[in-house]
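Tertiary structure, described
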Amino acid sequence: MNARLTLPLVFLLPSLAFAAEAIDPGRIVSAATGDWDKDGANDLALLVKPGDGTDEDNAVYIYLAGEDGPLALKSAIPNKVWGQYGLVGQAPSITALPNGSLLITTHNDSVGRDRWEQKLTIAYRNFDFVVAGYTYSSYDTLDPGNTSHCDLNVLTGKGKSNDKPVSAKGALVLLKDWTDDRGQHACGIY
């Protein structure tokens with residue numbers, strides 16, 4: 001976790017609650033702050049690992065600061081982000097981008113011969129969080145010539161896959177509705 005975020009999060013954690021369940025601070029594995037809704041107040045995004053004994057993926061929680069300052073839960077998306085903690089090379093992360101968007105990164109840098117990285121750029125549009133960009137790259141550790149790279153603007157449907165133009169139907173896809181196969185299909189990655 002980013003050291004700059006640790007101290008402010010310590011004070012925020014007791015107040016972070018959603019539905020009837022409080023987030024166990026030990027489950028928060030990545031956090032970012034920024035002004036997602038461009039109202040001048042710092043908002044918060046968290047990646048939260050699932051509870052023990054479940055095979056679910058990690059959850060995304062996004063809080064927006066209200067007019068009077070307190071954070072309010074805007075999006076709680078369980079079972080959304082792949083990744084393993086405690087296994088080197090598979091821990092996902094969430095970071096703030098300078099333009100006010102979020103970047104969710106997942107990757108496999110340690111298991112098997114197929115290594116890959118996927119990045120979702122998340123933007124606040126029409127009062128909700130949407131996937132604005134999809135980037136995917138991969139390589140084969142036993143076949144150095146077997147690589148791929150795709151960068152797709154999900155909103156416009158335009159992008160490049162292995163330096164060739166690709167086109168898909170542009171769409172406003174909510175983060176909660178996003179599936180990775182949507183980006184993989186547009187990029188020709190199966």
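A brief look at the structure comes next. (Residues numbered from 1 in each chain as written. Predicted model: local features only at pLDDT ≥ 70, side-chain atom pairs only at ≥ 80, totals over all residues. Heavy atoms only, no water.)

**Remarks on the pattern of salt bridges**
Selection criterion: Should a side-chain nitrogen of Lys or Arg be within 4 Å of a carboxyl oxygen of Asp or Glu, the pair is scored as a salt bridge. Only DSSP runs of H or I with at least four residues qualify as helices, and only runs of E with at least two residues qualify as strands; both kinds are numbered from the N terminus onward. The classification of residues rests on relative accessible area computed with a 1.4 Å probe and restricted to protein chains. Under 20% of the type maximum is buried, over 50% is exposed, and intermediate values are partly exposed.
On inspection of all chains with the given rule, the structure shows two salt bridges. The closest approach of N and O atoms between R113 and D140, which form a salt bridge, is 2.7 Å. Within this pair, whereas R113 is found in the loop between β8 (102-108) and β9 (114-125), its partner D140 is found in strand β10 (residues 128-140), the two being separated by 27 residues in sequence. Given the relative accessible area of 39%, R113 is considered partly exposed. With a relative accessible area of 5%, D140 lands in the buried category. For K119, the salt bridge goes to E117, with nearest N and O atoms at 4.0 Å. Take K119: its relative accessible area is 27%, and that puts it in the partly exposed class.

**Things to note about the packing of aromatic side chains**
Applied cut-off: Within 6.5 Å between ring centres, the rings of Phe, Tyr and Trp (the latter by its six-membered ring) count as paired, and their orientation is classed by plane angle as stacked under 30 degrees, edge-to-face over 60, tilted in between.
If you walk through the whole model with that rule in mind, you get four aromatic pairs. With a centroid separation of 4.8 Å and an interplanar angle of 55 degrees, the aromatic rings of Y124 and F129 are classed as tilted. The residues Y124 and F129 share a single accessibility class, namely buried. Considering the side-chain rings of Y134 and W178, the 5.8 Å spacing of their centres and the 40 degrees angle between planes classify their relative orientation as tilted. Of this pair, Y134 sits in strand β10 while W178 sits in the loop between β14 (173-174) and α2 (180-187), and the two are 44 residues apart along the sequence. Comparing Y134 with W178 shows no difference in burial state: the two are buried. Taken together, the aromatic side chains of W82, W116 and Y136 make up a single cluster linked through ring pairs.

**Observations concerning the nonpolar core**
The cut-off we apply is this: Among buried residues, the Ala, Val, Leu, Ile, Met, Phe, Trp, Tyr and Cys ones that are joined through side-chain atoms within 4.5 Å form a nonpolar core. Contact between two residues is taken to exist if any of their heavy atoms lie within 4.5 Å; hydrogens are not considered.
The biggest cluster of nonpolar side chains holds 29 residues, and the ones touching the most others in it are W36, I62, L102, I104, I122, Y134 and L175. Mapped onto this core, the elements with two or more residues apiece are β4 (43-48), β5 (58-65), β6 (71-81), β8, β9, β10, β11 (143-153) and α2. No other element matches the four residues that β10 contributes to this core. Those residues in contact with I104 that lie beyond four places of it in its chain are V60, V81, S93, I94, Q118, K119, L120, I122 and L175. I23, L44, V48 and Y61 belong to the second largest nonpolar core, which has nine residues in total.

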